[in-house]
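So you can see what is in the structure, the chains are spelled out below.
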Amino acid sequence: MIGDVAPIQNFTPTPRLFDDAQIESFRKLADSVHVYGAKLGIQIFHPEYDCETMMRLFAEGKMDEVRTKLHHDMMHFVDEVSEEMLLSIIDKMCACAVRAEKAGVDVIQIHGDRLVGALCSTKMNHRTDKFGGSLENRTRFALLLVEALRKAVPDMIIDYKFSVVTPERGKGGIDEADAPEFAKMLEAAGVDMLHVAQANHTGNMADTIPPMGVQPYGFFADISGKVKEAVSIPVSTVGRIISPAMAEQILASGKADMVGIGRGLLADPDWTNKAAAGKSCDIRECISCNKGCTDKIQHREFLSCILNAENGYEGTRKITPAESPKHIVIVGGGVAGMEAARVAVKKGHKVTLFEQKTSLGGQLEIASVPPRKEEMRRFTNYLSHCMKLEGITLRLGEAATPEKILDLKPDHVIVAAGANSARFPINGMDRACVCDAWDVLSGKTEVYMRLIGEMIARGRQAIVLIPEIALTYQTLLRFYQRFGDRVSVMNSTLSPGEKYDQCERAKAGEIDVIIGPRSALFTPFPSLGLIVMDEEQENSYKSESTPKYHARETALEVAKLYGASVVLGSATPSLEAYYRAGKGEYRMFQLT
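The structure presented is a predicted model; accordingly, all values stated were derived computationally and were not measured.

## As for the overall build of the protein chain
- Helix and strand counts for the protein chain come out as 24 helices and 18 strands.
- Each principal axis of the C-alpha atoms in the protein chain carries an extent, and together these give about 80 × 70 × 50 Å.
- Buried residues in the protein chain amount to 46% of all 592 residues.
- With the model as given, the accessible surface of the protein chain reaches about 29300 Å², and the carbon-plus-sulfur share is 54%.
- In the protein chain, 70 positive and 77 negative side-chain charges are present, and the distance between their average locations comes to 5 Å.

## A look at the pairing of strand 6 (residues 193–198)
- Among the six residues in strand 6, six count as buried, and that is most of the element.
- One ladder, built from six bridges, connects strand 4 (residues 157–165) with strand 6; its direction is parallel. In the sheet register, D159 faces strand 6, and the bridge partner there is M193.
- Looking at chain direction, strand 6 and strand 7 (residues 235–237) are connected through three bridges and run parallel.

## A short note on helix 4 (residues 83–102)
- Spanning 20 residues, helix 4 covers 29 Å between terminal C-alpha atoms, matching the ideal 28 Å at 1.5 Å per step.
- Those residues of helix 4 that fall on the buried side of the exposure criterion are L86, I89, I90, M93, C94, C96, A97, R99 and A100.
- For helix 4, the elements touching its buried residues are strand 1 (2–5), helix 1 (23–35), strand 2 (41–44), strand 3 (107–111), helix 5 (114–120) and helix 7 (140–152).
- Backbone geometry just after helix 4 places G104 at a positive phi near 95 degrees.

## Examining the packing of helix 14 (residues 335–346) against helix 16 (residues 377–389)
- Contact geometry of helix 14 with helix 16 gives a least axis separation of 10 Å together with a crossing angle of 40 degrees. Viewed along their axes, helix 14 and helix 16 adopt a mutual orientation that is oblique. Handedness of the crossing formed by helix 14 with helix 16: left-handed. Contact residues: V335, M338, E339, A341 and R342 in helix 14; F379, T380, Y382, L383, S384, C386 and M387 in helix 16.
- Of the residues assigned to the contact of helix 14 with helix 16, the class counts are eight nonpolar, two polar and two charged.

## Some details on helix 10 (residues 244–252)
- Along helix 10, the residues that are buried comprise P244, A247 and I250. The buried residues of helix 10 occupy one face: seen down the axis, they fall within an arc of 125 degrees. Facing away from the buried surface of helix 10 by more than 90 degrees, the exposed residues are A245, E248, Q249 and A252.
- Immediately downstream of helix 10, the backbone of G254 shows phi near 80 degrees, a positive value.

## Quick look at the sheet that holds strand 11 (residues 393–396)
- Read across the sheet, four strands follow the order 11-10-9-12 without closing on themselves; strand pairing throughout is parallel. A strand with exactly one partner marks an edge of an open sheet, and here the two such strands are strand 11 and strand 12 (412–415). The sheet shows a mean angle of 15 degrees between the axes of neighbouring strands, taken without regard to direction.
- In terms of strand pairing, strand 9 (residues 327–331) meets strand 12 through four bridges, oriented parallel. Paired with I330 across the strands is I414, a residue of strand 12.
- Its contacts with the sheet put helix 14 on strand 9, strand 10 (350–355) and strand 12, and the angle it makes with strand 10 is roughly 170 degrees.

## A look at the environment of T166
- Residue placement: T166 occurs in the loop between strand 4 and strand 5 (174–175).
- With relative accessibility at 8%, the residue T166 sits in the buried group.
- The spatial distance from the C-alpha of T166 to the C-alpha of A177 is 8.6 Å, given a sequence separation of 11 residues.
- When residues no more than four places from it in sequence are discounted, the contact partners of T166 are K123, E176, Q198, F220 and I223.

## Re the environment of F45
- Inspection of the secondary structure assignment puts F45 in the loop between strand 2 and helix 2 (51–59).
- With 240 residues separating them in the primary sequence, F45 and E285 have C-alpha atoms 30 Å apart.
- F45 has contacts with D4, V5, A6, P7, T14, M93, H111 and R114, leaving out every residue within four places of it along the chain.

## A look at the packing of aromatic side chains
- With the rule as written, the count across this model stands at seven aromatic pairs.
- Aromatic pair Y160 and F182: ring centres 5.9 Å apart, planes at 85 degrees, arrangement edge-to-face. Separated by 22 residues along the polypeptide, Y160 in strand 4 and F182 in helix 8 (residues 179–189) bring together distant segments of the chain. Like Y160, the residue F182 is buried in the burial classification.

## Quick notes on the nonpolar core
- I42, F141, Y160, F162, F182, L186 and L194 are the most contacted members of the largest nonpolar core, which has 62 residues in total.
- Of the residues forming this core, the biggest block, eight residues, is contributed by helix 4.
- Setting aside anything within four residues of it in sequence, one finds L186 in contact with L143, V146, Y160, F162, V191 and L194.
- The next biggest cluster of nonpolar side chains, apart from the first, holds 23 residues, and it includes M212, I328, Y382 and I392.

## Quick word on unusual backbone geometry
- The phi dihedral of N290 falls on the positive side, at around 65 degrees, and the residue is not glycine.
- Its location among the elements puts N290 in the loop between helix 12 (271–276) and helix 13 (294–298).
- Overall, N290 belongs to the buried group, its relative accessible area being 6%.

## With respect to the packing of helix 2 against helix 3 (residues 63–80)
- The geometry of helix 2 relative to helix 3 is characterised by a closest axis approach of 8 Å and an angle of 160 degrees between their N-to-C directions. Judged by the inter-axis angle, helix 2 sits roughly antiparallel to helix 3. The two elements helix 2 and helix 3 cross, and the hand of that crossing is left-handed. Contact residues: helix 2 offers T53, M54, L57 and F58, while helix 3 offers M63, E65, V66, K69, L70 and D73.
- Taken together, the residues of the contact of helix 2 with helix 3 sort by class into six nonpolar, one polar and three charged.

## Quick notes on the pairing of strand 13 (residues 461–465)
- Counting buried positions along strand 13 yields five of five residues, so the element is predominantly enclosed.
- Residues Q461, I463 and L465 line one face of strand 13 and the alternating positions A462 and V464 line the opposite face, and both faces are buried.
- One ladder, built from four bridges, connects strand 13 with strand 15 (residues 513–516); its direction is parallel. Bridge pairing in strand 15 links V464 to I515.

Cut-offs used in this document
Residues numbered from 1 in each chain as written. Predicted model: local features only at pLDDT ≥ 70, side-chain atom pairs only at ≥ 80, totals over all residues. Heavy atoms only, no water. Helix = DSSP H or I, 4+ residues; strand = E, 2+ residues; numbered from the N terminus. Buried < 20%, exposed > 50% of the residue type's maximum accessible area, 1.4 Å probe, protein only. Areas by Shrake-Rupley, 256 points an atom, 1.4 Å probe, with all protein chains shown as cover. Lys, Arg positive; Asp, Glu negative; His and termini not counted. Charge placed at Lys NZ, Arg CZ, Asp CG, Glu CD. Pairing = 2+ DSSP bridges. Expected span 1.5 Å × (residues − 1). Contact = heavy atoms within 4.5 Å. Axes fitted to C-alpha atoms, helices over the stretch in contact; angles between N-to-C directions. Parallel < 35°, antiparallel > 145°, perpendicular 65-115°, else oblique. Left-handed = near helix turned anticlockwise from the far one by under 90°. Nonpolar A, V, L, I, M, F, W, Y, C, P; charged D, E, K, R; others polar. Arc of directions from axis to C-beta. Phe/Tyr/Trp six-rings, centres within 6.5 Å; stacked < 30°, edge-to-face > 60°. Core = buried A, V, L, I, M, F, W, Y, C linked by side-chain atoms within 4.5 Å.

Bear in mind that shape data such as this cannot, by itself, settle questions of function.
Given below as structure tokens:
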């Protein structure tokens, strides 16, 4: 599916099919796709602004007026565009579809976001005519477009990108509550398929293409399932579907008939082929970092993938057999060393890899430690799998000395030993409160454990606020190993009586540390000296309905009551956190 194909002349960097002269280029693309037995679809969209006026001003060089007009239209065009212009836009989109059919394109997808979705939206459409107000009126343009396309290209498949506005995210699309009913209306109008996805228009691409840890895997499958129950036509969905196993689970649950894979195909274009061959474990899975794809698009740069060096360079970067196979020694088992080994073996070379640690991964292992970053381990797992799959000789736990390397008589040596954490000659660097980030991430230095230990040594007690979802066995084990039976876990599984008993033990001084979610703040601690709080997790508890229970404010109130200190831990401290720490309301450290 070729996204964002414009049926009009436009100055944005998207594909265009508004003139017959452009048919030939799409025909070449369609022919190339058909050679491999695949189908080609184009997603037709129209921006939510007056393109004709904008292009005229652009051609006249009146850039200030272009910017002013664009800013105005992005907020008001949906409400101000005339019925006559809306109908002319439908004609242009139909003409685009006819050209696509002549080019051999198989599927037309209507982009249900942008102008179409904005008109469907209760958040963006404030019209009072027949294109605004009720569900029937807000969806009128979309349904007229479907009916017109059905007449213009009766033999083509019409797909509809079904953009849904959830209570948490999105603006330009149909409200989640109205989605099943709108789906029925689209089917009746002649749509052949629905592609259910998150609506955007928030200015934040993370809403529709979420980075690691922001949204659950397959986060739109449940909504897709509700839409599928309402219609008889095929329904597809998308959204952080990382592996074939995840995709199969969605299909088996009946929540979709098809799944869409986007970023995963950038990371590994053979994703589907490997899945079909029963080799899912060989897939280079996307880690949702968004660095080479979404971030590049945002900055109008060349799209790539940081996991796949060939992506975007298929014409010039190809792994070809070596003319003369060599023996190559690689020093370092991080990402660079393993990728060099993988490529070298693919080319036919013999490879021996030294890694002084007993595990592979290098710096990516510690980079995967902070909250939300554990998904990066998928790449180290993939490369480690390749080392075994390709038969590379691994010498783990061995430093690559000159003698060991020379004994192997290699033809070439690749040094991929990585870097070291830099330490700068700054006053105060030698203080006990200053820690090396690599030491903290690797577990060599424990920041909050040390603070808690110091507080307990002074006869004080501590509360550690951890969201209940994060109360894992590994987390609790570290506390029990350090503080023994003087640790109490206050969670929802405790009965009221058990919670009372824990409070009594705390009062009696039999407990040094209470671990738990926000409710742990209300446990009476006669000698409370420290509250350790994870800002990133605890902020998620804040809502308009319970603002007075926001953990940070509550922690500060409780700390004031007991004369305690608050330590704020965060992987990505907010500006407010820096501001409050600067005011001395609490101390702050990087939480791992």
